[in-house]
Amino acid sequence: MTSVRIACKFPRFSLDVDFAIPAGITALFGPPDSGKTVILDAVAGLTRPAAGRILLDDAIVFDAQSRVHLPARRRHCGYIFRKDALFPHLTLRGNLRFAVRRLPRLERHRRIAETLERFDLASAADARPSELTAAQKLRAAVARAVMAEPKLLLVDDCPADESLLRLVACPTLLVTADLDLCCSAAGQLLLIENGRILQRGSPREVLDRPESVEAARLLGIRNLFHGTIAALDPGRNSSRLEFGDFALTGPYIPSHFRGDQVWVAVPSAALRVHPAGIAAPPNSVAVNLVRVSPRAASVRLEFEHSIFADIPHEEFARQKDNKGWQVEFPPAALRIL
Amino acid sequence: MPVEWSPLWLSLRAAGTATAAALLPGLWLGYVLRDRPRASALAALPLGFPPVIVCAFLLSTYARRAFGWEFAAAAGIVYALPLLARAARAAFLEIEPQYAAAARTLGASEWRVFWVIALPLAWRPIFGAASLAFARLLAEFAIVLFLAGRAPAPPVAAALAAIALAAVYAGQRAAAGARRRA
């Protein structure tokens, strides 16, 4: 088992995390300066936490209490740094050779040739890092780390894609700001902010059910409303939620009473928009459009009361001349935090 | 009258030996002190002693025989070591830290990181510092010869000056190349 429990203090925040790293990819997602890179550095042995314990494959590599702190060279962790870390004075082959220098010559040669083929780098084997493209540099960095047969691969916020990560057989701790990559490649997602883990679970589970306002904000959910439970009906599995300027019907909220204050999160892609004037759909709010921002795959509409809706470009093209707007909140899309 | 070239060979031998002997320990000192500014400042203290004074001290303490070039070389080491260590430390600090970190995660010992990563990446400014140390020592020994009343013949003095200037120029050109690359 590989597990990490570390604590250390920094001027801006205190890091205090405890998590296990199963086989596959574990993604660390959070804002800048939330402690993600410090975690990677601590696991790799490049920095020494004040407290905690780190196990790699059931072997203790750091234990603050018993003052165990294995140096980085004895931890067998591969590390893909955010900045390019291929040795600039060595060729690509020389970089790979550095990782397997202890192997017998023939075996070393075979492994290097095999890895160059596997990572599609054979044509660039004798080039220096400065002559490689950004994609080749990244592949070369992963190839070099993998060649050393690490127990754990640490990847710090670099533009690694899913296909490249699939070439890695060992457990991987991935720091990323790409939620799509988390969904497609990671088996476990850890949301981290100010040195604390806000939520953990499978990426789909975390994205679908944020547990706190901070987690929802971190996941980019813009529709966050603070309101009061006006009615609860367990028989009909419904609740009535009142916000400052509008009210909504949501699913029944267990473990709450009428009058409780709650936060409600609604993914902007789950909202539907209709023109004003047609029969109001259930659970809809009449609002004025404030701003339109086109995006790659959708158009983001910002309405008054800080309501955001993402609709497809075709849908916006149909409705762009609306004189007024109604935003429909499907009850199933309401997440009570 | 034939020109007496021995002062040139003596100065070259003493300065060359001192620079060569101080090179490796100076580099290693610079490497291990790169994260220790206070210790690095202490290590620079010998720069306050001119080689002439150190040489005089060594002679008064150990010498029972005539002045030997070995004493001059020993005094030169005391001077060249901190000079090289300071320059090497500055050069090592300029290397992006992820290179050494990557090497360590790949299982490299500190000695290997020093030899295979740090030294090749920092050789230009180190070469600049070594040639500067060599030129300074050469000039110091020439001054000593003057003070001792053994003023070298004009061709010897000119050769000493030319070698010192060439060493400074070559070293600083190499160091400037490193800065331009960075």
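All of these numbers come straight from a predicted model, not from anything done at the bench.

*Asks:* Please clarify how the overall build of chain A should be interpreted in this entry.
*Replies:* Tallying secondary structure elements over chain A gives 9 helices and 22 strands in all. Oriented by its inertia axes, the alpha-carbon framework of chain A measures out at about 80 × 50 × 35 Å. Counting only contacts in chain A whose residues sit at least 6 apart along the sequence, the fraction spanning at least 24 positions is 59%. When the accessible surface of chain A is summed, it comes to about 16500 Å², and 49% of that surface belongs to carbon and sulfur atoms.

*Asks:* Help me understand the side chain of glutamate 315 of chain A, please; the structure alone is not making it clear to me.
*Replies:* Residues and elements named next belong to chain A. One can find glutamate 315 in helix 9 (residues 313–319). Of note is the side chain of glutamate 315, whose polar atom sits 2.7 Å from the side chain of arginine 318. Here the side chain of glutamate 315 touches glutamine 319 through a polar contact of 2.4 Å, side chain to side chain.

*Asks:* Before we go on, may I ask you to explain helix 2 (residues 92–99) of chain A in this structure?
*Replies:* In an α-helix, one turn spans 3.6 residues; hence positions three or four apart end up facing the same way. Across the 8 residues of helix 2 of chain A, 6 count as buried, placing the element largely inside the fold. Three or more residues of helix 2 of chain A are buried, namely Leu92, Gly94, Asn95, Leu96, Phe98 and Ala99 of chain A.

*Asks:* I'm lost on the pattern of salt bridges in this one. Help?
*Replies:* Close approach of charged atoms lets side chains of opposite charge pair. Using the criterion set out here, one finds 18 salt bridges over all chains in the structure. Glutamate 96 of chain B is paired through a salt bridge with lysine 83 of chain A; the nearest N and O atoms lie 3.0 Å apart. Taken together, the positions of glutamate 96 of chain B in the loop between helix 4 (69–94) and helix 5 (97–105) and lysine 83 of chain A in the loop between strand 7 (77–80) and helix 2 put the pair across two chains. Its relative accessible area of 33% is what places glutamate 96 of chain B among the partly exposed residues. Under the relative-accessibility criterion, lysine 83 of chain A is labelled partly exposed at 48%. We note a salt bridge from aspartate 310 of chain A to arginine 300 of chain A, for which the minimum N-O separation is 2.8 Å. Of this pair, aspartate 310 of chain A sits in strand 20 (residues 307–311) while arginine 300 of chain A sits in strand 19 (residues 299–303), and the two are 10 residues apart along the sequence. Take aspartate 310 of chain A and arginine 300 of chain A: they sit in the same class, and that class is buried.

*Asks:* What is the right way to read the interface of chain A and chain B from this model?
*Replies:* Where interface size is quoted, it is often the accessible area lost as the parts come together. Contacts between the two partners involve 21 residues from chain A and, on the opposite side, 17 residues from chain B. Buried area between chain A and chain B, summed over both chains or domains, comes out near 1700 Å², and the portion from carbon and sulfur atoms is 68%. On the surface where chain A and chain B come into contact, there are 1 salt bridge. For the pair chain A and chain B, the interface holds 5 residue pairs in polar contact (both at pLDDT 80 or more). Its residues placed into classes, the side of chain A that touches chain B shows 14 nonpolar, 1 polar and 6 charged.

*Asks:* What exactly am I supposed to notice about the environment of serine 298 of chain A here?
*Replies:* Within the secondary structure, serine 298 of chain A sits in the loop between strand 18 (289–294) and strand 19. Counting along the chain gives 156 residues from serine 298 of chain A to valine 142 of chain A, while the straight-line C-alpha distance between them is 34 Å.

*Asks:* For this particular structure, what's the right way to read a nonpolar patch on the surface?
*Replies:* On the surface, a nonpolar cluster with roughly 310 Å² of combined accessible area is contributed by Val3, Trp5 and Trp9 of chain B. Looking at the element boundaries, tryptophan 5 of chain B is found in the segment before helix 1 (6–32).

*Asks:* What is the right way to read the domain arrangement of chain A from this model?
*Replies:* Domain annotation of chain A identifies domain 1 (2–211) and domain 2 (223–336). Placing the centre of domain 1 of chain A and that of domain 2 of chain A at their C-alpha centroids yields a distance of 40 Å.

What counts and how
Residues numbered from 1 in each chain as written. Chains lettered and ligands numbered in written order. Predicted model: local features only at pLDDT ≥ 70, side-chain atom pairs only at ≥ 80, totals over all residues. Heavy atoms only, no water. Helix = DSSP H or I, 4+ residues; strand = E, 2+ residues; numbered from the N terminus. Contact = heavy atoms within 4.5 Å. Areas by Shrake-Rupley, 256 points an atom, 1.4 Å probe, with all protein chains shown as cover. Polar contact = N/O pair within 3.5 Å; in protein donor to acceptor, adjacent residues only side chain to side chain. Buried < 20%, exposed > 50% of the residue type's maximum accessible area, 1.4 Å probe, protein only. Salt bridge = Lys/Arg side-chain N within 4 Å of Asp/Glu carboxyl O. Buried area = accessible area lost by both parts, 1.4 Å probe. Nonpolar A, V, L, I, M, F, W, Y, C, P; charged D, E, K, R; others polar. Patch = residues over 30% accessible without salt bridge, like charges linked within 9 Å, V, L, I, M, F, W, Y side chains within 5 Å. Domains from an automatic or database assignment.

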